[in-house]
Amino acid sequence: MSIPPVASARDSRRLKRGAFAGVLLRELRGYLITPVAWLFTVIFLLLAGALTFYLGGLFERGQADLQPFFQFHPWLYLVLVPALAMRLWAEERRSGTLELLMTLPIRPWEAVLAKFLAAWICVGVALALTFPMWLTIDYLGNPDNGAILAGYLGSLLLAGAFLAIGECVSAMTRSQVIAFILTAAICFLLLMAGYPLVQQPVQALGWPVFADALAELSLYAHFNAISRGVLDLRDLAYFLLTIAFWLTACVVVLDTKRGA
Amino acid sequence: MIETERLGKRYGTLQAVDDLDLRVTAGQVLGLLGPNGAGKSTSMRIIAGYLLPTSGSARVCGHDVVRDPLNARRALGYLPEGAPSYGEMKVREFLRFAARIRGLRGIPRDRRMGEMIALLQLEAVLERTIETLSKGFRRRVCLAQALLHDPPALILDEPTDGLDPNQQREVHALIRDMARDRAIILCTHALNEVSTVCNRVAILSDGRLRVQGTPAELEAQSRYHGAVSFHAPANALLRELLARLPEVQEVEIDPGDGRVTVFPRAGARILGEVQRLLDAQGAKVDELQLERGRLDEVFSRVTGHVATARAA
């Protein structure tokens, strides 16, 4: 038998794009044809609206900003994003399609990134659909639109970090329930890393340096900084690094499972 | 072609695959047999790149599956055990997805998809969601995925499981047809599949390769090889006379249907002798047959289940 010629660089580039785009499009289409994304969007919009007006007191505050809207996002995401992320790999592992996907000519990191992007786009669409909130505030008052834009960016980045954590955890197990609970727990601890809930036990252990380092990792602190309209490059880098770290961990998990 | 060299896979203390050497060249269909848990699927998963070996190596068309995984996977078509596919997708979408990942697009893609759809008779279900399909259709959809890129090497893990006899025959014909210029490994439990489509057989047990050869060579290892069997009314004298023939090892009568089987001594040809004796005795016999050997009996013996061999 003749050995097929080694694919040229151009072929291989085309193949790579094809593989990445293939998974991305399949995932996006999956969100459209299954109820998952619709449910996510509807619940997100309902809860975001309800929390903003009833708990946040958007009107009563008398300030033209969206702070009451954004402040609840970490808690909303804490429940909803793990639900979106839990199926990413656990479902493939359970149904056996993981074997199909991982024996196609695709690099693991391409599959990980494609699944992440598709889910992130899905959250992004849900978030974008809250635009009437912005229009309302803009109509009623004279808000700082730059700050609101920063708030949206912070919210999107926070959702991205949760998704990356969720994808990594989902790759560890075939049980979506375990993936959900574990992701929610990790996200909660990382949100709270700078607050007494986490800080007190750690300081009680007598590692002040570690406690300080942990405080710097607090998702909530970085999210708050951005959503108040202060777009610091360090906060941006923090979120992007967090996402990159968990996605890399996801690739490592998938690879480790191949060897196990 | 597909080759493995001292391939091994260990799960903790369990050696699932042990020192496996396989070599399948174009034109060969290797039937891989073995009891459940013998390491068939594990070996195939390593060659397909789903699992990593703990020792040894595997190559597809010269590409090492660990060091050059993408090129190895491009050269291989793989039907995993259980034929998994994305249940929520429509058949056409699923095939397009596989084509896109394989780098097929535009006119060549449409042509190849058309060929596969015709070959595996998927026209009627193209717009159906895969999870609503019967087991046979689902297997053919996954098979279409494996053949889409016209690979020079193929691994099919139980390709006819769940298919009805007509569909099985079609898939067998398809495999024989493709075998002309491809290297194919076929994992199966159906021994008749081996005699119909494979030109080589390997039997695995406890992760090790026990026997390898052509189906005829394996049949020759059977105690039934060269045996003569027939139906005759119960006759103790006839049995005694047959057993006394110099080249005859043993005579057995199936307690169920009364079929008499006369086993030769190793390598002896006894058909003429037996026939002469039967004629001389004027025995009325039916369905006199020279046995080629039974793969199921060789399989049982090689995999360590001698007890069931006689019943078969």
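The rules behind each value
- Residues numbered from 1 in each chain as written.
- Chains lettered and ligands numbered in written order.
- Predicted model: local features only at pLDDT ≥ 70, side-chain atom pairs only at ≥ 80, totals over all residues.
- Helix = DSSP H or I, 4+ residues; strand = E, 2+ residues; numbered from the N terminus.
- Buried ≥ 20, exposed ≤ 12 C-beta atoms within 10 Å, placed from the backbone.
- Contact = placed C-beta atoms within 7 Å.
- Nonpolar A, V, L, I, M, F, W, Y, C, P; charged D, E, K, R; others polar.
- pLDDT = per-residue confidence, 0-100.
- Core = buried A, V, L, I, M, F, W, Y, C linked by C-beta atoms within 7 Å.
- Pairing = 2+ DSSP bridges.
- Expected span 1.5 Å × (residues − 1).
- Arc of directions from axis to C-beta.
- Domains from an automatic or database assignment.
- Axes fitted to C-alpha atoms, helices over the stretch in contact; angles between N-to-C directions.
- Parallel < 35°, antiparallel > 145°, perpendicular 65-115°, else oblique.
- Left-handed = near helix turned anticlockwise from the far one by under 90°.

A word on the overall build of chain B. Each helix and strand counted, chain B has twelve helices and 14 strands in total. Each principal axis of the C-alpha distribution contributes one length, and for chain B these read about 75 × 45 × 30 Å. For chain B, the residues scored as buried account for 44% of the 312 residues in total. By sequence separation, contacts in chain B at least 24 residues apart represent 68% of the contacts at least 6 residues apart.

A word on the overall build of chain A. The helix and strand tally for chain A stands at 14 helices and zero strands. The secondary structure elements of chain A, listed N-terminal to C-terminal, are α-α-α-α-α-α-α-α-α-α-α-α-α-α. Oriented by its inertia axes, the alpha-carbon framework of chain A measures out at about 80 × 50 × 35 Å. Taking all 260 residues of chain A together, 37% fall into the buried category. Taking contacts inside chain A between residues at least 6 apart in sequence as the whole, the part at least 24 apart equals 79%.

Attention now moves to the interface of chain A and chain B. Facing 27 residues of chain A, the contacting portion of chain B comprises 31 residues. Put simply, the parts of the chain that give the side of chain A that touches chain B at least two residues each are α1 (9-33), α6 (97-102) and α14 (233-259) of chain A. Within the side of chain A that touches chain B, the residues separate by chemical class into 14 nonpolar, nine polar and four charged.

Residue and element names in this part refer to chain B. Scored by pLDDT, chain B has a mean of 88; 97% of the residues are at 70 or more. Note that pLDDT drops below 50 for residues 307-312; the model gives that stretch seven contacts with residues more than four away or on any other chain. Of the two predicted TM-score estimates for the complex, the pTM is 0.87 and the ipTM is 0.85.

Let us now look at the nonpolar core. Among the nonpolar cores identified, the biggest contains 142 residues, and Leu30, Ile185 and Leu186 of chain B are the most heavily contacted of them. Of all the elements, helix α9 (residues 145-172) of chain A adds the most residues to this core, at 14 residues. The residues contacting Leu30 of chain B, other than those within four sequence positions of it, are Leu22, Val24, Ile184, Ile185, Leu186, Cys198, Arg200 and Ala202 of chain B.

Our next topic: the pairing of strand β1 (residues 2-11) of chain B. Every regular strand shows the same layout, with side chains that alternate between the two sheet faces. All names here are of chain B. Of the pairings in the sheet, the one linking β1 to strand β4 (residues 55-60) comprises five bridges and is antiparallel in character. The residue bridging Thr4 from the neighbouring strand is Ala58, located in β4. Note: β1 against strand β2 (residues 14-24), seven bridges, orientation antiparallel. Residue Thr4 lies in a different strand from β2, and its bridge partner there is Leu22. Counted along the chain from β1 to the antiparallel partner β2, the turn is two residues long, and its residue Gly12 has a positive phi close to 60°.

Turning to the pairing of strand β9 (residues 200-205) of chain B, a few remarks are in order. Residue and element names in this part refer to chain B. Taking burial as the measure, the six residues of β9 include five buried ones, the bulk of the element. With four bridges connecting them, strand β3 (residues 29-33) and β9 associate as parallel partners. Of the residues in β9, the one forming a bridge with Leu32 is Ala202. Bridging between β9 and strand β10 (residues 208-213) involves five bridges; their strand directions are antiparallel. Directly across from Ala202, in β10, lies its bridge partner Gln212. What sits between β9 and β10 in their antiparallel hairpin is a turn of two residues, with Asp206 showing a positive phi close to 50°.

Moving on, we get to helix α4 (residues 106-119) of chain B. All names here are of chain B. Over its 14 residues, α4 runs 20 Å from end to end, which matches the ideal 20 Å to within 8%, given 1.5 Å per residue. Within α4, the full set of buried residues consists of Met113, Met116 and Ile117. Projection of α4 onto a plane perpendicular to its axis shows the buried side chains occupying an angular sector of 100°, all on one side. For α4, the exposed residues set more than 90 degrees away from the buried face come down to Ile107, Arg111, Gly114 and Ala118. Against the buried residues of α4 lie α3 (91-101) and α5 (135-147).

What follows deals with the domain arrangement of chain B. You can read the domains of chain B as domain 1 (2-220) and domain 2 (228-291). Centre-to-centre, using C-alpha coordinates, domain 1 of chain B lies 43 Å away from domain 2 of chain B.

The next point concerns the sheet that holds β9 of chain B. Residues and elements named next belong to chain B. The strand order across the open sheet formed by six strands is β6-β7-β8-β3-β9-β10, and the pairing between neighbours is mixed. Both edges of this open sheet fall to β6 (76-79) and β10, since each of them pairs with a single strand only. Taken over all neighbouring pairs, the strand axes of this sheet differ in orientation by 15° on average, direction set aside. Sheet topology places β3 next to strand β8 (residues 183-187); four bridges connect them, and they run parallel. For Val29, the partnering residue across the bridge sits in β8 and is Ile184. Against the sheet, helix α11 (residues 295-302) engages β3, β9 and β10, with an angle of about 30° to β9.

Moving on, we get to the packing of helix α7 (residues 108-128) of chain A against α9 of chain A. Residue and element names in this part refer to chain A. Between α7 and α9, whose axes approach to 10 Å, the crossing angle comes to 140°. In terms of axis orientation, α7 runs oblique to α9. In the crossing of α7 with α9, the sense of the turn from one axis to the other is right-handed. The residues of α9 that touch α7, namely those facing Val112, Lys115, Phe116, Ala119, Trp120, Val123, Gly124 and Leu127, are Tyr152, Ser155, Leu156, Ala159, Gly160, Leu163, Ala164 and Glu167. Residue composition of the contact of α7 with α9, by class: eleven nonpolar, three polar and two charged.

What follows deals with the environment of Ala98 of chain B. Residues and elements named next belong to chain B. Position of Ala98 relative to the elements: it lies in helix α3. Under the C-beta neighbour-count criterion, Ala98 is labelled buried, with 25 such atoms within 10 Å. Sequence-wise, Ala98 and Gly82 are 16 residues apart; in three dimensions their C-alpha atoms are separated by 17 Å. When neighbours within four sequence positions are excluded, Ala98 is seen to be in contact with Gln145 and Leu148.

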